[in-house]
Amino acid sequence: MTRCNGGWRPNAGLLSAGRASQFLWWLIASLTLCMGIGTPSHAQAVQSVPPTPIDVKKVELGGTPWNSQWDQIIENALPPEMLSSQVPQGVRRFCPRFYVMGIKDKRRFWAYFFQALAGAEAGLNPDASVRHSDPEGAPAMRSEGLLQLAYADRDRYGCDFNWQVDRALKANDPAKTILQPKNNLECGVKILVNQTIVQHKPLLTRSGYWSTLQPDGPSYRVFAKQMTNPPAACGLPTKSAIDKSATTKSVQDNANRRQTPK
């Protein structure tokens with residue numbers, strides 16, 4: 001075989017001499033080489049997302065950073081509408097070039113956005129569970145997981161939470177369906193899609209689901225601080241002290257190295 005993209009023709013001498021085993025080895029090696037040339041590695045196909053300030057700080061303090069695999073969960077959950085001109089103009093506050101960026105860069109922006117939201121809502125802690133008392137005497141409710149969601153969101157937005165299974169578990173048990181990062185983040189994407197695409201509300205609005213996305217409040221200021229290091233493609237002028245070459249993957253690698261015994 002002399003080419004990967006065309007027909008192959010074995011050396012007739014190999015077969016005529018009865019050296020079938022050598023021919024088989026040669027054929028396997030050639031196919032392996034062609035597959036290696038034609039298939040890009042996963043590392044080349046997926047670009048890392050920058051870290052938020054809280055992510056960097058947690059590593060400095062010896063905490064657990066944002067898991068770069070969560071970025072992929074978010075990117076995979078995004079519907080086409082969130083990568084289109086249907087996204088409200090308010091997105092330009094955090095990503096001025098959003099509407100002219102490519103699809104991959106838009107996906108990276110939303111991955112960073114939800115990382116920042118999780119930083120403001122739960123300090124990037126997937127097991128966070130906060131109990132709230134209703135001022136009018138209604139039963140206490142909990143906000144749970146990376147995006148501080150509720151079991152009622154299952155019926156409202158079609159989220160993959162199961163109270164009947166979780167009710168027997170402790171409040172911060174990571175086995176709870178609502179605390180599993182994939183379920184929580186995918187639900188968060190659905191909630192934001194409902195707000196911005198279905199209901200045509202602004203990205204930042206007083207009637208939004210998260211208080212951190214309600215402008216002018218103290219919770220919003222916490223979120224805005226986390227939005228200071230978006231992907232470079234956004235073209236946001238920033239004075240962030242974070243190394244622009246850093247990514248969530250490199251932050252996590254640094255954390256792992258610190259935890260490795262000498």
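Fair warning: this is a prediction, and the values are worked out from it, not measured in the lab.

### Describing the nonpolar core
When a protein is soluble and globular, its nonpolar side chains tend to lie buried together. Ranked by size, the top nonpolar core spans 50 residues in total, and within it F109, W110, F113, F114, L147, L192 and F223 carry the most contacts. Secondary structure elements with two or more residues in this core: α5 (68-77), α6 (103-122), α9 (181-198) and α10 (218-226). Element by element, the count of residues in this core is highest for α6, at 10 residues. In contact with F223, not counting residues within four places along its chain, are F94, F113, A116, L117, A120, T212 and L213.

### Some remarks on the state of the cysteines
Summed over the entire model, instances satisfying the criterion amount to two disulfides. There is a disulfide in this structure between C95 and C234, and the S-S distance comes to 2.1 Å. In this structure, the disulfide formed by C95 and C234 twists by about -90° around the S-S bond and is classed as left-handed. With C95 in the loop between α5 and α6 and C234 in the loop between α10 and α11 (248-259), this pair connects stretches of sequence that are 139 residues apart. For C95, a relative accessible area of 0% corresponds to the buried category. Disulfide pairing places C159 opposite C187 at an S-S distance of 2.0 Å. In this structure, the disulfide formed by C159 and C187 twists by about 70° around the S-S bond and is classed as right-handed. Within this pair, whereas C159 is found in the loop between α7 (153-157) and α8 (163-166), its partner C187 is found in helix α9, the two being separated by 28 residues in sequence. The burial state of C159 is the same as that of C187; both residues are buried.

### Overview of the environment of D127
Along the polypeptide, D127 turns up in the loop between α6 and β1 (129-132). Separated by 52 residues in sequence, D127 and L179 have C-alpha atoms that sit 5.7 Å apart. If we ignore the near neighbours within four places in the chain, the residues touching D127 are N172, P174 and L179.

### Observations concerning the packing of α5 against α9
Where α5 contacts α9, the two axes come as close as 9 Å, and the packing angle between them is 40°. Regarding the angle of α5 to α9, the classification is oblique. Crossing hand, α5 versus α9: right-handed. Within the contact between the two elements, α5 uses W70, I73, I74 and A77 and α9 uses P181, K182, L185, E186 and V189. Class assignment for the residues of the contact of α5 with α9 results in seven nonpolar, no polar and two charged.

### A closer look at the packing of α5 against α6
Between α5 and α6, the least distance of the axes is 9 Å, while the angle of their chain directions is 120°. Viewed along their axes, α5 and α6 adopt a mutual orientation that is oblique. Classified by chirality, the crossing of α6 by α5 is right-handed. The residues of α6 that touch α5, namely those facing D71, I74 and E75, are R107, R108, W110, A111, F114 and Q115. The residue makeup of the contact of α5 with α6, split by class, is four nonpolar, one polar and four charged.

### Remarks on the confidence of the model for the chain
Mean pLDDT for the chain: 81, with 69% of residues reaching 70 or above. A low-confidence stretch, residues 1-21 (pLDDT under 50), is modelled with 17 contacts involving residues beyond four sequence positions or located in other chains. Here residues 23-46 scores under 50 on pLDDT; set against residues more than four positions off or in separate chains, the count is 14 contacts.

### Considerations on the packing of aromatic side chains
On inspection of all chains with the given rule, the structure shows 15 aromatic pairs. Aromatic side chains F113 and F114 sit 5.6 Å apart centroid to centroid with 75° between the ring planes, which places their arrangement in the edge-to-face category. Here a set of aromatic residues connected by ring pairs shows up, and it is made of F94, F98, Y99, F109, W110, F113, F114, Y220 and F223. Over the ring of F98 we find K106, and its NZ or CZ is 5.2 Å from the ring centre.

Thresholds, definitions, all that
- Residues numbered from 1 in each chain as written.
- Predicted model: local features only at pLDDT ≥ 70, side-chain atom pairs only at ≥ 80, totals over all residues.
- Heavy atoms only, no water.
- Core = buried A, V, L, I, M, F, W, Y, C linked by side-chain atoms within 4.5 Å.
- Buried < 20%, exposed > 50% of the residue type's maximum accessible area, 1.4 Å probe, protein only.
- Helix = DSSP H or I, 4+ residues; strand = E, 2+ residues; numbered from the N terminus.
- Contact = heavy atoms within 4.5 Å.
- Disulfide = S-S within 2.5 Å.
- Axes fitted to C-alpha atoms, helices over the stretch in contact; angles between N-to-C directions.
- Parallel < 35°, antiparallel > 145°, perpendicular 65-115°, else oblique.
- Left-handed = near helix turned anticlockwise from the far one by under 90°.
- Nonpolar A, V, L, I, M, F, W, Y, C, P; charged D, E, K, R; others polar.
- pLDDT = per-residue confidence, 0-100.
- Phe/Tyr/Trp six-rings, centres within 6.5 Å; stacked < 30°, edge-to-face > 60°.
- Lys NZ or Arg CZ within 6 Å of the ring centre and 35° of its normal.

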